[in-house]
Amino acid sequence: MNLAFIPSPSTGVIELGPIPLRGYAFCIIIGVFVAVWFGNKRWVARGGKAGTVADIAVWAVPFGLVGGRLYHVITDYQLYFSDGEDWVDAFKIWEGGLGIWGAIALGAVGAWIGCRRRGIPLPAWADALAPGIAFAQAIGRWGNWFNQELYGKPTDLPWALKISEGTNRVAGTYHPTFLYESLWCVGVALLVIWADRRFKLGHGRAFALYVAAYCAGRGWIEYMRVDEAHHVLGLRLNVWTAIIVFVLAVTYIVISAKVRPGREEIVEPAAVDPAEDGGDIATDASAKDEADAQAKTDEADAPAKTGGDTDAPEKDPVAEEQTPEADGTPQKADKS
C-alpha cells in the first residue's frame, strides 16, 4: 500500500458564480502571461522597445492555440471522430488537448506575421522569448494535473500521482509525468538563460537550444506515458517527433553558428531611431529652430569686417575734412 503520493484534485473546475474557472485553461493563461512578461524583459535588455513582445504575441498566441489543438485532434482523431464520439468535442479546448509541436509550428507563423509588421527579425524575437516559453510550458503542464490526464506507468514511489476512477482511466498511483515535464521545462529555461549569457547566442540559436533541450526530455517522458497513442515502429508518435525535431534543432545550431556567428547588434531599428516609430518630431524641430535662431544672433553680434583692423576707431568725416593735407598746405573752403 502506498502511504505517500500526490493527490489529484477532485474537480478541474471552480465555479465562480455563473462563471466556471477551469484549471487547465487557467494554467495556460498564466503561462502565456509569464512568457510575455519574461520575454519583454529579455527583449528590452537586448535593445528592443518595451511592448514589442506583447504586440507580436497578439499574433503568435492565437495561432499557437489553433496549431496546438489541430495537432492534438489530428494525431488523436479517434477521440473525436470514431463511433460513439461527438466531433463537437474537438472544439472544447478547455477540456485539455494541446500538442506543443503544433503550437510552436503555427505559433511561429503568427510571430512571423507580427515581426514583419514591426520590421524586426523573427530569430531575435524567438531568442528573447525562448526561456519564457519553457516557463510557460512548466506552468501549463499543471493543467494536466487538474484534468487527471497524461500520467505514466503505475508506481508506488513516494511522489506517485493518485488517479481516481473515471472515464478511460483506472484508479491507482502512477508516475506524475506532468510533474516530470514541468520540472524539466524549468531546467530548460535556466539552461537557455545561462547559455545565452555565457555564449551570447543570436540569430535564433537560443530558441533552437530550447527546442533541442525540450525534445531531449520529452522523449523519455513520453516513453513513460500509458495513455492511448499511435505507435510507429514500436515507439509513440510523439517520441519520433521529439527525435526528428531534436536533430533539426541541433543541425540549425551548428550551421547557423558557422554561417552567421555572433549576435545581432540591433534587434529593433525603431528603438535606435525614434523618428522611424513616430518619435517626438516636434521636439526635434523646435531644437533645430532654436539652434538656427542662436546662429543668426551670433552672426548679427559679430563685428563687421572692413578689411582692416577691426579694433581700430572709426574715422570722423568732418574731422577728416578739416585736417590739413599731408603736405602741410591749408585746405581751401568751398564757397560755391
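Novice: Help me get a handle on the overall build of the protein chain, residues and values and all.
Specialist: Of the regular secondary structure elements, the protein chain holds 12 helices and 6 strands. In the protein chain, buried positions account for 36% of the 336 residues. For the protein chain, the proportion of contacts with a sequence separation of at least 24, taken over those separated by at least 6, is 70%. Element-wise, carbon and sulfur atoms account for 64% of the exposed surface of the protein chain, whose accessible area totals about 20400 Å².

Novice: How would you explain the packing of aromatic side chains if you had to name every residue and give the values?
Specialist: Going through the model one piece at a time under the given rule, you end up with 12 aromatic pairs. With 4.6 Å between their ring centres and 40° between their planes, Y151 and Y174 make a pair best called tilted. Taken together, the residues Y151 in the loop between α6 (142-147) and β3 (161-163) and Y174 in strand β4 (residues 172-174) connect sequence positions 23 residues apart. Exposure remark for Y151: the relative accessible area of 10% places this residue in the buried category. For Y174, a relative accessible area of 10% translates into the label buried. Feature note: the residues W142, W145, F146 and F178 constitute an aromatic cluster, connected by ring pairs.

Novice: Explain the pattern of salt bridges to me, and be specific about the residues and the numbers.
Specialist: Scanning all chains against the criterion turns up 12 salt bridges. We note a salt bridge from R225 to D227, for which the minimum N-O separation is 3.0 Å. Judged by relative accessible area, which is 10%, R225 ranks as buried. Accessibility expressed as a relative area gives 24% for D227, which makes it partly exposed. Across the pair D227 and R236 runs a salt bridge whose closest N-O atoms are separated by 3.3 Å. For R236, a relative accessible area of 6% corresponds to the buried category. Taken together, the shared-partner salt bridges connect R218, E222, R225, D227 and R236 into one network.

Novice: Describe unusual backbone geometry, with residues and values.
Specialist: Here Q148, not a glycine, exhibits a phi torsion of approximately 50°, which is positive. Relative to the helices and strands, Q148 resides in the loop between α6 and β3. If you check the backbone angles, L150 has positive phi at about 55° while not being a glycine. On the secondary structure map, L150 appears in the loop between α6 and β3. With a relative accessible area of 21%, L150 lands in the partly exposed category.

Novice: Tell me about the nonpolar core, residues and numbers included.
Specialist: Among the nonpolar cores identified, the biggest contains 36 residues, and W43, W101, W125, V192 and Y210 are the most heavily contacted of them. Where this core is concerned, the elements lending two or more residues are α2 (52-75), α4 (100-118), α5 (122-140), α7 (177-199), α8 (205-224) and α9 (237-259). Aside from chain neighbours lying at most four places away, what touches Y210 is I104, A130, I133, A134, Q137, V188 and V192. By size, the runner-up hydrophobic cluster in this structure holds 7 residues, among which are Y151, I163, F178 and L179.

Novice: Got a sec to walk through the packing of helix α1 (residues 23-45) against α2? Specific residues and values, please.
Specialist: Packed helix pairs are characterised by how far apart their axes lie and by the angle those axes make with each other. Running from amino to carboxyl end, α1 crosses α2 at an angle of 145°, the nearest separation of the two axes being 10 Å. α1 and α2 meet at a crossing whose hand is right-handed. Of the residues in α2, those in contact with I28, V32, V36, G39, N40 and W43 of α1 are T52, V53, A54, A57, V61 and L65.

Novice: Help me get a handle on α4, residues and values and all.
Specialist: With 19 residues, α4 extends 26 Å from end C-alpha to end C-alpha; this agrees with the ideal 27 Å at 1.5 Å per step. Here α4 has its buried residues at I100, W101, G102, A103, G107, G110, A111, G114 and C115. Buried residues along α4 sit against α2, α5, α8 and α9.

Novice: Account for the pairing of strand β2 (residues 19-22), naming residues and giving values.
Specialist: Pairing analysis gives 4 bridges linking strand β1 (residues 13-16) to β2, with the strands arranged antiparallel. The residue of β2 that forms the bridge with V13 is R22. Remark: 2 residues form the turn of the hairpin made by β1 and β2, two consecutive strands paired antiparallel; G17 in that turn has positive phi of roughly 65°.

So, how was this worked out
- Residues numbered from 1 in each chain as written.
- Predicted model: local features only at pLDDT ≥ 70, side-chain atom pairs only at ≥ 80, totals over all residues.
- Heavy atoms only, no water.
- Helix = DSSP H or I, 4+ residues; strand = E, 2+ residues; numbered from the N terminus.
- Buried < 20%, exposed > 50% of the residue type's maximum accessible area, 1.4 Å probe, protein only.
- Contact = heavy atoms within 4.5 Å.
- Areas by Shrake-Rupley, 256 points an atom, 1.4 Å probe, with all protein chains shown as cover.
- Phe/Tyr/Trp six-rings, centres within 6.5 Å; stacked < 30°, edge-to-face > 60°.
- Salt bridge = Lys/Arg side-chain N within 4 Å of Asp/Glu carboxyl O.
- Core = buried A, V, L, I, M, F, W, Y, C linked by side-chain atoms within 4.5 Å.
- Axes fitted to C-alpha atoms, helices over the stretch in contact; angles between N-to-C directions.
- Left-handed = near helix turned anticlockwise from the far one by under 90°.
- Expected span 1.5 Å × (residues − 1).
- Pairing = 2+ DSSP bridges.

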